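The chain contents come next:
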Amino acid sequence: MKDNEVALKDGYEKEEQDLPAFEDLEGAARALMRLQDVYMLNVKGLARGVFQRVTGSAVTDLYSPRRLFSLTADDCFQVGKVAYDMGDYYHAIPWLEEAVSLFRGSYGEWKTEDEASLEDALDHLAFAYFQAGNVSCALSLSREFLLYSPDNKRMARNVLKYEKLLAESPNQELAEAVIQRPNVPHLQTRDTYEGLCQTLGSQPTHYQIPSLYCSYETNSSPFLLLQPVRKEVMHLEPYVVLYHDFVSDSEAQKIRGLAEPWLQRSVVASGEKQLPVEYRISKSAWLKDTVDPMLVTLDHRIAALTGLDVQPPYAEYLQVVNYGIGGHYEPHFDHATSPTSPLYRMKSGNRVATFMIYLSSVEAGGATAFIYANFSVPVVKNAALFWWNLHRSGEGDGDTLHAGCPVLVGDKWVANKWIHEYGQEFRRPCSSSPED
Ligand SMILES: O=C(O)CCC(=O)C(=O)O
Ligand SMILES: [Fe+2]
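Residues numbered from 1 in each chain as written. Chains lettered and ligands numbered in written order. Predicted model: local features only at pLDDT ≥ 70, side-chain atom pairs only at ≥ 80, totals over all residues. Heavy atoms only, no water.

### Section: the overall build of the chain
Thought 1: Counting its secondary structure elements, the chain contains 12 helices and 20 strands.
Thought 2: The buried share of the chain, reckoned over its 436 residues, is 46%.
Thought 3: Counting only contacts in the chain whose residues sit at least 6 apart along the sequence, the fraction spanning at least 24 positions is 70%.
Thought 4: Here the chain displays about 23,000 Å² of accessible surface, and carbon together with sulfur accounts for 53% of that area. (Helix = DSSP H or I, 4+ residues; strand = E, 2+ residues; numbered from the N terminus. Buried < 20%, exposed > 50% of the residue type's maximum accessible area, 1.4 Å probe, protein only. Contact = heavy atoms within 4.5 Å. Areas by Shrake-Rupley, 256 points an atom, 1.4 Å probe, with all protein chains shown as cover.)

### Observations concerning the nonpolar core
Thought 1: Core analysis: the largest hydrophobic core is formed by 57 residues, its most contacted members being Tyr39, Phe103 and Leu408.
Thought 2: Top contributing element to this core by residue count: helix H5 (residues 89-105), with 8 residues.
Thought 3: Counting the residues that make up this core, at least three belong to each of domain 1 (3-38 + 71-174) and domain 2 (188-420).
Thought 4: Apart from residues no more than four positions distant in its own chain, Phe103 is found in contact with Ala73, Asp74, Phe77, Asp114, Ala116, Ser117, Leu118 and Ala121.
Thought 5: Listed in part, the 38 residues of the second largest apolar core include Tyr243, Ala252, Phe355 and Leu359. (Core = buried A, V, L, I, M, F, W, Y, C linked by side-chain atoms within 4.5 Å. Domains from an automatic or database assignment.)

### Brief notes about the pairing of strand E5 (residues 240-244)
Regular strands have side chains that alternate between both faces of the sheet.
Thought 1: For E5, a buried count of 5 out of 5 residues is recorded, marking the element as mostly surrounded by other parts of the structure.
Thought 2: What you see with E5 is no split at all: Val240, Leu242 and His244 on one side and Val241 and Tyr243 on the other are buried throughout.
Thought 3: Linking two consecutive strands that pair antiparallel, namely strand E4 (residues 229-235) and E5, is a turn of 4 residues.
Thought 4: Taken together, the 4 bridges between E5 and strand E17 (residues 384-388) define a ladder with antiparallel strand orientation. In the sheet register, Leu242 faces E17, and the bridge partner there is Leu385. (Pairing = 2+ DSSP bridges.)

### Quick word on the pattern of salt bridges
Thought 1: Using the criterion set out here, one finds 20 salt bridges in the structure.
Thought 2: A salt bridge links Arg34 to Glu278; its shortest N-O distance comes to 2.8 Å. Of this pair, Arg34 sits in helix H2 (residues 22-38) while Glu278 sits in the loop between strand E8 (273-275) and strand E9 (280-281), and the two are 244 residues apart along the sequence.
Thought 3: Residue Glu278 is classed as partly exposed on the basis of its relative accessible area, which comes to 37%.
Thought 4: With its nearest N and O atoms 3.6 Å apart, the salt bridge here joins Arg190 to Glu330. Taken together, the positions of Arg190 in helix H9 (residues 188-198) and Glu330 in strand E12 (residues 328-332) put the pair 140 residues apart, joining distant regions of the chain.
Thought 5: Within this structure, Asp37, Arg181, Arg190, Glu194 and Glu330 form a network of salt bridges that share partners. (Salt bridge = Lys/Arg side-chain N within 4 Å of Asp/Glu carboxyl O.)

### Brief notes about empty space enclosed by the protein
Thought 1: Scanning the entire structure with this criterion turns up 2 cavities of 30 Å³ or more.
Thought 2: Taken as a whole, the largest cavity encloses approximately 140 Å³ of empty space.
Thought 3: As for the largest cavity, its lining consists of 16 residues, and the residues nearest its centre are Tyr323, Tyr329, His332, Met356 and His402.
Thought 4: Elements with a minimum of two residues in the lining of the largest cavity: strand E11 (318-323), E12, strand E18 (402-404) and strand E20 (412-420).
Thought 5: With 4 residues, E20 is the single largest residue contributor to the lining of the largest cavity.
Thought 6: Among the residues forming the lining of the largest cavity, the class breakdown is 8 nonpolar, 5 polar and 3 charged.
Thought 7: Roughly 40 Å³ of internal volume is contained in the second largest cavity.
Thought 8: Every residue lining the second largest cavity is listed: Thr72, Ala73, Asp74, Phe103, Ser106, Glu109, Lys111 and Asp114.
Thought 9: Class assignment for the residues of the lining of the second largest cavity results in 2 nonpolar, 2 polar and 4 charged. (1 Å grid on protein atoms, 1.4 Å probe; cavity = no way out; pocket = protein on both sides within 12 Å on 5 of 7 lines; lining within 4 Å. Points joined across faces, edges and corners; volume = space filled by probe spheres on them. Nonpolar A, V, L, I, M, F, W, Y, C, P; charged D, E, K, R; others polar.)

### Quick look at the domain arrangement of the chain
By a widely used convention, the size of an interface equals the accessible area lost when the partners come together.
Thought 1: Here the domain parsing of the chain yields domain 1 (3-38 + 71-174) and domain 2 (188-420).
Thought 2: The centre of domain 1, based on its C-alpha atoms, is set 41 Å off from the matching centre of domain 2.
Thought 3: Residue-level contacts link 7 residues of domain 1 with 12 residues of domain 2.
Thought 4: Here domain 1 meets domain 2 over a buried area of about 750 Å², counting both sides, of which 60% is carbon and sulfur.
Thought 5: Looking only at domain 1, the three residues that lose the most surface to domain 2 are Arg34, Leu35 and Val38, adding up to 78% of its buried area.
Thought 6: Where domain 1 packs against domain 2, one counts 2 salt bridges.
Thought 7: The tally of links between domain 1 and domain 2 comes to 4 residue pairs in polar contact (both at pLDDT 80 or more). (Buried area = accessible area lost by both parts, 1.4 Å probe. Polar contact = N/O pair within 3.5 Å; in protein donor to acceptor, adjacent residues only side chain to side chain.)

### Description of the state of the cysteines
Thought 1: Tallied over the entire structure, the rule returns 1 disulfide.
Thought 2: In this model Cys197 forms its disulfide with Cys405; the gap between the sulfur atoms is 2.1 Å. Given an S-S torsion of about -85°, the disulfide between Cys197 and Cys405 has left-handed geometry. Remark: Cys405 occurs in the loop between E18 and strand E19 (407-409) and Cys197 occurs in helix H9; sequence separation between them is 208 residues.
Thought 3: A relative accessible area of 6% means that Cys197 is categorised as buried.
Thought 4: Residue classification places Cys405 among the buried positions, given a relative accessible area of 1%.
Thought 5: Cys76 takes part in no disulfide bond, and the closest cysteine sulfur, belonging to Cys137, lies 18 Å away.
Thought 6: A relative accessible area of 26% means that Cys137 is categorised as partly exposed. (Disulfide = S-S within 2.5 Å.)

### Some words on the site of ligand 1
Thought 1: Surveying the vicinity of ligand 1 reveals the residues Arg280, Tyr323, Tyr329, His332, Asp334, Met356, Thr368, His402, Gly404, Lys412, Asn416 and Trp418.
Thought 2: Here an oxygen atom of ligand 1 sits 3.0 Å away from a polar atom, N or O, in the side chain of His402.
Thought 3: Within the side chain of Asn416, one N or O atom sits 3.0 Å away from an oxygen atom of ligand 1.
Thought 4: Bound to the protein, ligand 1 loses 100% of the 290 Å² it would expose on its own.
Thought 5: Residue assignment for the shell around ligand 1 shows that the elements contributing at least two residues are E12, E18 and E20.
Thought 6: For the shell around ligand 1, a count of residues per class yields 4 nonpolar, 5 polar and 3 charged. (Near = heavy atom within 4 Å.)

So this is what it looks like as structure tokens:
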């Protein structure tokens, strides 16, 4: 190779590490399909940057952007292709339909960044329809393909095959393909979860249930006497409260800044290991108190408000989490449900409580949903959400199943302080009653 070629190759290889790889394309495609499913979005709208929930004939605007950002035909093709390659024709069909429709509209124009063409989109869509049992759609798309590439023998054979199939069983002509959403067994919890993500605020209001009230909380702590925290009781069993303005804008910004250089793909406990999984998509970092004195102040504030000991090893370091568009955390428990969980490595028992601070607002989506308790909390910037994960007996409270809904628009940041059982013996006395 000539010197300049070697230099070009070396330069490219250096740059390549920072360029999106296939994993990034696949992740982005999955994120769009997740948003489509959880928020019941119509693909045509989504591709135009419009976020509309479609149920039957009713259309609801979930978010109205000030500027529209549209996906190109090639973008839609790439999303559809990710689904197609997984054998997921449920998602492949609407995305490839959109790709075909956009490619048809701009036929003859050639964009240098396009990898695919109308022919590619027709080819994939025809096969996806065939796989889904809709032979007549497969046939008409294949015929359209042949108009552009009349010499394609494979497609000519497909056309003959589809014609034969339709002649043998003409009922196919009317067959409406009803394909099930893949990879998700139909679960009541999923319906509830998605419903809670879509219709924030559908829970009873404080006016309807008097035991859900707002107050100024000092918890009899001298720290809070002069500056009580506004507390909003969200739910009683499990007990979930929201503390408004728990941090200031500048504190939230500072915590995000401290964590940013250390962010990595989030993992979850799986047996004795920690693994990245599809059901938790975010980046996170652990911040020790020694990183900045402000974190010590924050611990004091959490201790004053909850009355709990949050010094290590009675609580974990602060976990800062960042969700991008489509980022989420599907229904889970914060406490360990298996005795081999890595959580027990701290030798301070299970996670008795969660103290989660919202370090940002989010433009749409991203609520925290409590599935069995059937309510969701919107992202309230600077507020902190607190709940007990364990009963006083030490048993896990199965009603705390909760989730972080996918972010539809914007960037969501939270910080978790997980407080453990040990060290709290005189602060939250135990009880043998399973209800407490
Ligand atoms: O992001 C949320 O709203 C919930 C996060 C959560 O449950 C967790 O990090 O364990
Ligand atoms: Fe959680």
